[in-house]
Amino acid sequence: MAKNGYVPLFETRPVKGRTFFKLFAASILVGICFIFIYRLSFFPLEGKSIEKWTWIGMFLAELWFSFYWFLTTACRWNCVYRIPFKDRLSQRFGKELLPGVDIFVCTADPLIEPPSLVINTVLSLMAYDYPPEKLSVYLSDDGGSDLTFYAMLEAATFSKKWLPFCRKFKVEPRSPEAYFKTAVEPDLDPVQTNEWRSNKKLYEDMKMRIETTTKLNRIPEEIRKQHKGFREWDFVSSKRDHQTILQILIDGRDSNAVDIEGKPLPTLVYLAREKRPQFHHNFKAGAVNALIRVSSRISNGPIILNVDCDMYSNNSESLKDALCFFMDEEKGNEIAFVQYPQNFENVTKNEIYACSFRVIEKMEGPLTSALDVFTEERLFTGKNMTRSVRLIGRN
Ligand SMILES: O=c1ccn([C@@H]2O[C@H](COP(=O)(O)OP(=O)(O)O[C@H]3O[C@H](CO)[C@@H](O)[C@H](O)[C@H]3O)[C@@H](O)[C@H]2O)c(=O)[nH]1
Ligand SMILES: [Mn+2]
């Protein structure tokens, strides 16, 4: 493994049984060739018109199925596993050497994507096992909703206790909702047990306050008075017609931005990009473009992680896993995009949703498919983009 003293940060292992798969594919290819030979050599020249047309129709269908088979087989031809070694990453890169990571969370509607769900995702990302001064979490709110803004204010306050709590009790996953749903009260000394209980209560109270405003569908006057950011909504006529609302809720550059233990907090930003009815907003891709511009002025991290608001992180170390691919001294430069596996809740025990890391190597020019990748296209070709970043996505 170690070559000239170099120890890689990740390993690529071929999936077992590739030769068998290739033989199997070759046998199908032979079968397809026979079908084509048969169709071309035995065309019913003498037959009725219906026979001829059915023959042509079937041949076209066979061509089409063969093309589909070719595409799916090509994708599976050289399957590999990627294995990151995050312990090596921590050994080799101290706090100072790790890159800044800008995390983008997108939400679009406070009714479909309730603010309590959004902040659970945000809190799970803020609590990543990563130097907080290197982390910045940006929420893009395409719903332009003060209900979501209020939930973010609550999350900013709650994070001061939640982050130390996660470290102390080794909480996993770090979405408070997901954690408290299954966690059993730890059997520790009374002081610690009380601390655990009081944090649970803090979360439940916060969730109740947020859900009450969501049900009311407005922010009560006494809460509005607590933060000047709410005044922005005096100028919002609708979710499709408003000015930019940008609020830095926790500024990591400020030495006072610390949790209850005095440790630094990650930067936390709320953004509702400007929208006007005469301009198309381009959905999530538009939101991500706005986030790239805004984050360039605030933290300008060379790594961007992009998640949807309903995708909390279920492992506090997964950021380090992804970084192993980018930080590897030999192969890291060939990698531009790492895609996290996605685990669905309450679906099935068996893994049928391709929950594995995906890594795109040697990227040249824009890629096709899916919105996450669209943002990448802009990143690499955009006229005013001078920022060179690498992406982690979950799509
Ligand atoms: O105008 C919009 C519309 C959507 N979103 C956000 O985009 C994400 C994805 O949208 P959703 O409607 O939930 O699509 P899904 O099918 O659930 O998402 C999958 O499909 C999308 C389109 O390919 C990808 O962008 C997502 O990452 C992928 O999870 C969500 O966080 C939304 O809040 C915005 O920010 N602005
Ligand atoms: Mn979704």
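It should be emphasised that the depicted structure is a prediction, and the values quoted were computed from it without experimental measurement.

What counts, and where the lines are drawn
Residues numbered from 1 in each chain as written. Chains lettered and ligands numbered in written order. Predicted model: local features only at pLDDT ≥ 70, side-chain atom pairs only at ≥ 80, totals over all residues. Heavy atoms only, no water. Helix = DSSP H or I, 4+ residues; strand = E, 2+ residues; numbered from the N terminus. Buried < 20%, exposed > 50% of the residue type's maximum accessible area, 1.4 Å probe, protein only. Contact = heavy atoms within 4.5 Å. Areas by Shrake-Rupley, 256 points an atom, 1.4 Å probe, with all protein chains shown as cover. Expected span 1.5 Å × (residues − 1). UniProt positions renumbered as here; feature names shortened; annotations may be inferred.

S.K.: With reference to specific residues and values, describe the overall build of the protein.
M.R.: When its secondary structure is counted, the protein shows 11 helices and 10 strands. The buried share of the protein, reckoned over its 395 residues, is 45%. Of the contacts made within the protein by residues no fewer than 6 positions apart, 73% connect residues no fewer than 24 positions apart. When the accessible surface of the protein is split by element, carbon and sulfur atoms take 57% of a total near 22200 Å².

S.K.: Any chance you could break down helix 2 (residues 49-76) for me, citing the residues and the numbers?
M.R.: For helix 2, built from 28 residues, the straight-helix expectation of 40 Å at 1.5 Å per residue is met to within 8% by its first-to-last C-alpha distance of 41 Å. Looking only at helix 2, the buried set comprises Trp55, Phe59, Glu62, Ser66 and Thr73. Tucked inside the fold, the buried residues of helix 2 contact helix 1 (18-41).

S.K.: Just give me the short version of the UniProt feature "binding site: Mn(2+)" (unreviewed entry) in the protein, but keep the residues and values in it.
M.R.: Per the UniProt record, "binding site: Mn(2+)" (unreviewed entry) is annotated on Lys284 and Asp308. Separation in sequence by 25 residues is not matched in space for these annotated residues, since their most distant C-alpha atoms are only 9.2 Å apart. Positionally, lysine 284 belongs in helix 9 (residues 283-298). Looking at the element boundaries, aspartate 308 is found in strand 7 (residues 303-308). Among residues more than four places away in sequence, those in contact with aspartate 308 are Val105, Cys106, Thr121 and Lys284.

S.K.: Lay out the UniProt feature "transmembrane region" (unreviewed entry) in the protein in plain terms, naming residues and giving numbers.
M.R.: On the UniProt side, "transmembrane region" (unreviewed entry) is annotated at positions that read residues 20-41 and 53-71 here. The span residues 20-41 is 100% helix and 0% strand, and its two end C-alpha atoms sit 32 Å from each other. Along residues 53-71 the backbone is 100% helical and 0% strand, and the end-to-end C-alpha distance reaches 27 Å.

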